[in-house]
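# A closer look at the structure
One-letter residues, chain by chain:
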Amino acid sequence: MAMRIKINNSEMLSKIIKKITNETLVSPISGITTDSRNCKPGDLYVALLGKRTNGHHFLSKVDKINVSAILISEDNSNKKLKAQQIIVNDTKKTLGMIANEWRNNFDLPVIGITGSNGKTSTKELLYHILKAKYNVHATKGNYNTSIGTPLSLLSINKKHELSIIEMGANQPGDIKYLCEIVNPTHGLITNISSAHLEGFESIENITKTKSALFYYLKKGISFINYADDKIKSIDHDGSKITYGLNAECDYPADIHHDEDGSILLTIDANEIQTKSKNLSFAKNIIASAAVSISLGIEWEVLQKQILTFKPPEGRCKVLTFNSITVIDDTYNANLESCIAAIDYLLAFSSHGRNILVLGDMLELGNSSRNQHEKLGVKCSKSKVDAVFTIGNEVSSTKNSITGVPINLHFNNPKKLIESLKFHIQKNDKILFKGSRGMKMEEIITGVFKA
């Protein structure tokens, strides 16, 4: 987790550190980072003990950069260092406590977003809508972990009127821990699926972990997706606003299609154009509408912001190379998002072949083979014209595909790029999809830009 944030109120941070650690800062702090490579003079460097690396191994390095202070755990102090050393029992826990104190200095709505899929894309869309009326603070990128979330909170300043905090979970208890740091006033769970079973073992554990957000909001407002049975069944005490593809909720939605195949939405009797054929995007709009309208955004403003929204890199971004349509959905992958992406590809009404280029879906633990086989079944049922796979896990996808004219597997990116260049024809529509670690965007570059 490489991230650095600027500190805009060093005096307030000093008071918080004094309160939590009983240490008085000698020099002002201009930024906080947990990565020695991102350190700048005047920073507070937080030395974390991770599974792969130990931040305490880089104390001499950051000291040479002239950091103001170093947050370290017991038995790691070094008398040779110039920087002030603040010794605590647990640096990660202390970072969370500092962030919580910082957040509690600001009286503003804080919307916590979690879910198996669509957290970051919903957050980005919601940020784009709400900034039309408010000065909005939001999690940068997908810094949604027990380290990234506290750092995100520490970038809230007095100009902000509202904050959107994305919260991810890798294991049971993560969302409860993050809620105690973030102290959200509003909460949204996008959906619950077996997206990342590794670390959870069962969908029940995922549901229990995510539902901690709603349980935390006894005095807040939970936005409940009635189209998701697992979310709908969560019982909790706080206020709730419901939305979904069914009539019995506060923001009922219907999906229609324009003449060109673009999705049209009717949300609470208001027609919303999407200018998109992406069903996942449409679902994000329904959730974002429920939150935005509840927070005082007008329907006309919502419509305008949806039409001016540009998705982040690698999230169903449509590119054109001469007559060839490329869907760059390389940001990440799990079974649900892959199925949604394939449906997105098939929704394009133009002529030409439908081609899939798929990399491994990572972090699926013991269910990896089963999930990759299910992806193969989806490819077969979708009657696509060609599937190209690359990686170890996705060989199970290749082996479970039937009835697809071209079904080729590769272990080498160069060989895949050569094969794609050979097979691609005029008017083809090609979807590129894989987990972040597969770097599928480099395949696109290799085929079309090299």
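Criteria and cut-off values
Residues numbered from 1 in each chain as written. Predicted model: local features only at pLDDT ≥ 70, side-chain atom pairs only at ≥ 80, totals over all residues. Heavy atoms only, no water. Helix = DSSP H or I, 4+ residues; strand = E, 2+ residues; numbered from the N terminus. Buried < 20%, exposed > 50% of the residue type's maximum accessible area, 1.4 Å probe, protein only. Contact = heavy atoms within 4.5 Å. Areas by Shrake-Rupley, 256 points an atom, 1.4 Å probe, with all protein chains shown as cover. Lys, Arg positive; Asp, Glu negative; His and termini not counted. Charge placed at Lys NZ, Arg CZ, Asp CG, Glu CD. Phe/Tyr/Trp six-rings, centres within 6.5 Å; stacked < 30°, edge-to-face > 60°. Axes fitted to C-alpha atoms, helices over the stretch in contact; angles between N-to-C directions. Left-handed = near helix turned anticlockwise from the far one by under 90°. Nonpolar A, V, L, I, M, F, W, Y, C, P; charged D, E, K, R; others polar. Pairing = 2+ DSSP bridges.

Attention shifts here to the overall build of the chain. From N to C terminus, the chain includes 16 helices and 20 strands. The principal-axis extent of the C-alpha atoms belonging to the chain is close to 70 × 50 × 40 Å. Counting across all 450 residues of the chain, residues that qualify as buried make up 56%. Sequence separation of at least 24 residues holds for 61% of the intrachain contacts in the chain that already meet a minimum separation of 6. A total of about 20700 Å² of accessible surface is found on the chain, and carbon and sulfur atoms cover 47% of it. Taking the average place of the 55 positive charges on the side chains of the chain and the average place of its 46 negative ones, the gap between the two points comes to 6 Å.

What follows concerns the packing of aromatic side chains. In total, this model carries three aromatic pairs according to the counting rule given. An angle of 45° between the planes, with centres 6.2 Å apart, marks the rings of W102 and F106 as tilted. Both residues of the pair, W102 and F106, belong to the buried class. Here F321 and F448 contribute two aromatic rings whose centre-to-centre distance is 4.5 Å and whose plane-to-plane angle is 15°, an arrangement assigned as stacked. Of this pair, F321 sits in strand β15 (residues 317–321) while F448 sits in helix α16 (residues 441–448), and the two are 127 residues apart along the sequence. Look at F321 and you get buried, because its relative accessible area is 17%.

Across the interface, helix α10 (residues 279–294) lies against helix α11 (residues 299–307) with an axial gap of 11 Å and an inter-helix angle of 145°. In this structure, α10 meets α11 at a crossing whose hand is right-handed. Contacts between α10 and α11 involve F281, I285, A289, S292 and I293 from the former and W299, L302 and I306 from the latter. Looking at the contact of α10 with α11 residue by residue, the classes come out as seven nonpolar, one polar and no charged.

Taken together, six strands build an open sheet; the order of strands is β15-β16-β20-β17-β18-β19 and the sheet is mixed. If you trace the sheet from one side to the other, it starts and ends with β15 and β19 (406–410), each paired once. Taking the axes of each pair of neighbouring strands and ignoring which way they run, one obtains an average angle of 15° across the sheet. Sheet strands in contact with helix α12 (residues 335–346) are β15, β16 (324–329), β17 (354–359) and β20 (429–433), and its direction is about 165° off that of β20.

Glancing now at unusual backbone geometry. Its identity as a non-glycine residue notwithstanding, N22 has a phi of 65°, on the positive side. With respect to the helices and strands, N22 occurs in the loop between α1 (10–21) and β2 (31–33). Even without glycine at this site, N183 takes up a positive phi of about 50°. Position of N183 relative to the elements: it lies in the loop between α6 (174–182) and β9 (186–189).

Time to look at the sheet that holds β2. Taken together, five strands build an open sheet; the order of strands is β1-β2-β3-β4-β5 and the sheet is mixed. Each edge of the open sheet is held by one strand with a lone partner, namely β1 (4–6) and β5 (84–88). Each adjacent strand pair in this sheet contributes to an overall mean axis angle of 20°, direction not counted. Helix α3 (residues 91–103) contacts β3 (43–46), β4 (69–73) and β5 of the sheet and is inclined by roughly 125° relative to β4.

Before going further, it helps to spend a moment on the pairing of strand β10 (residues 221–225). Counting buried residues in β10 gives four out of five residues, a clear majority hidden from the surface. As paired strands, β9 and β10 are joined by three bridges and run parallel to one another. By the bridge assignment for β10, H186 is matched with I221. Taken together, the five bridges between β10 and strand β11 (residues 239–244) define a ladder with parallel strand orientation. Opposite N225, over in β11, you have Y243 as the bridge partner.

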